[in-house]
Amino acid sequence: MAGQGASGAAATGYRSLTGPLLLPAWAMIGIFLLLPVLLMTVYSFLTREFRGGVDWTFSLAAYDRFLLSRGLFGDEPPVLEWTYITIFWRSVWQAGLATLICLIVGFPTAWFIATRPLRSRALWLFMITVPYWVNLLIRTVSLRFLLRDQGPLNDLLIGTGLLDSPLRIINTNLAVQLGLFYSYLPFMVLPIYAAVERYNFALSEAAADLYASRWTTLREIVLPVVRPGIIAGCILVFVPSLGAFLAPDLLGGAKTYMIGSLIEEQFKGSQGNWPFGAAVSVILMTLVLIMLLVYARAQGRAGVR
């Protein structure tokens, strides 16, 4: 009894220290996460000065500009502004396609690594993550050098006789997709690897004993078990791809303009439009939050069932 009383007193003492111990973490979250989001939201409701900068007059002009067009001088009847909506849709499409490609390549890669002997897994994981030792900007510029008309890739294809003229890749959707794929593939591989590593391979052996084919085992047993890792990887790839601006700027052109490039452009130089850039950022953040909330609610319902 004395021992139980001592352990209970110790637990109570630890609980009393929970608040002070969490204070640094909450301070970091508040200063470096919540405060910037709050400032961005406030700026989205301000007005841009004619010569640049911000006028602290609250209005919905930035959101109005994103959704509606009122003509060159703003005196025409409002019509739906398809320019920014098209850019937004292009960003969603590019991010979704990049996520799908990363999944197609990342799942078998993660499965391969997770099924290697323990002594070699660290080496394979090292090979996956070593590109992240280099800044994303440098890696994207290097990819542009590789894909350009007079780059090593075209020189190799022409030198081997596979092509007679350079393959135009730069300033295309393909180049942007390659940039997103190269940038975020490890974000897909690592969560799936963690899920596959915990998978009980006896389940696959049992399915084989019951004469299930490999595709049936994959569809009915493996995928449901490792689904949390797949979903986590898709989220980790889709969200940064949606707001990416380096790949569209350096590898794409006017036809591959994405929402991240639009936001980045509004905060450059004295002619930028900070309220409009903040409003587009809020719209993008809201879209992502809605998708995550829908997913969380669906997962909650599935858990209840």
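The structure contained in this document is the topic of the report that follows. (Residues numbered from 1 in each chain as written. Predicted model: local features only at pLDDT ≥ 70, side-chain atom pairs only at ≥ 80, totals over all residues. Heavy atoms only, no water.)

### A word on the side chain of serine 91
Next up, step 1: Along the chain, the position of serine 91 falls in helix H4 (residues 82–114).
Next up, step 2: Engagement of the side chain of serine 91 in a polar contact is seen with the backbone nitrogen of isoleucine 259, the distance being 2.6 Å.
Next up, step 3: Leaving out residues up to four positions away in the same chain, serine 91 has contacts with Leu242, Met258 and Ile259. (Helix = DSSP H or I, 4+ residues; strand = E, 2+ residues; numbered from the N terminus. Polar contact = N/O pair within 3.5 Å; in protein donor to acceptor, adjacent residues only side chain to side chain. Contact = heavy atoms within 4.5 Å.)

### With respect to the packing of aromatic side chains
Next up, step 1: Scanning all chains against the criterion turns up 15 aromatic pairs.
Next up, step 2: Taking the centre distance of 5.8 Å and the plane angle of 40° together, the rings of tyrosine 184 and phenylalanine 187 count as tilted. Taken together, the residues tyrosine 184 and phenylalanine 187, both in helix H8 (residues 173–197) and three residues apart, mark about one turn of the helix.
Next up, step 3: Ring geometry for phenylalanine 267 versus tryptophan 274: centroids 5.6 Å apart, planes at 50°, classification tilted.
Next up, step 4: Among the aromatic residues, those joined into a ring-pair cluster are Tyr43, Trp56, Phe267 and Trp274. (Phe/Tyr/Trp six-rings, centres within 6.5 Å; stacked < 30°, edge-to-face > 60°.)

### As for the environment of arginine 116
Next up, step 1: The residue arginine 116 is located in the loop between H4 and helix H5 (118–129) in this model.
Next up, step 2: Excluding residues that lie within four positions of it along the chain, arginine 116 makes contacts with Arg121 and Trp124.
Next up, step 3: At a separation of 3.3 Å, a polar atom in the side chain of arginine 116 contacts the side chain of threonine 115.

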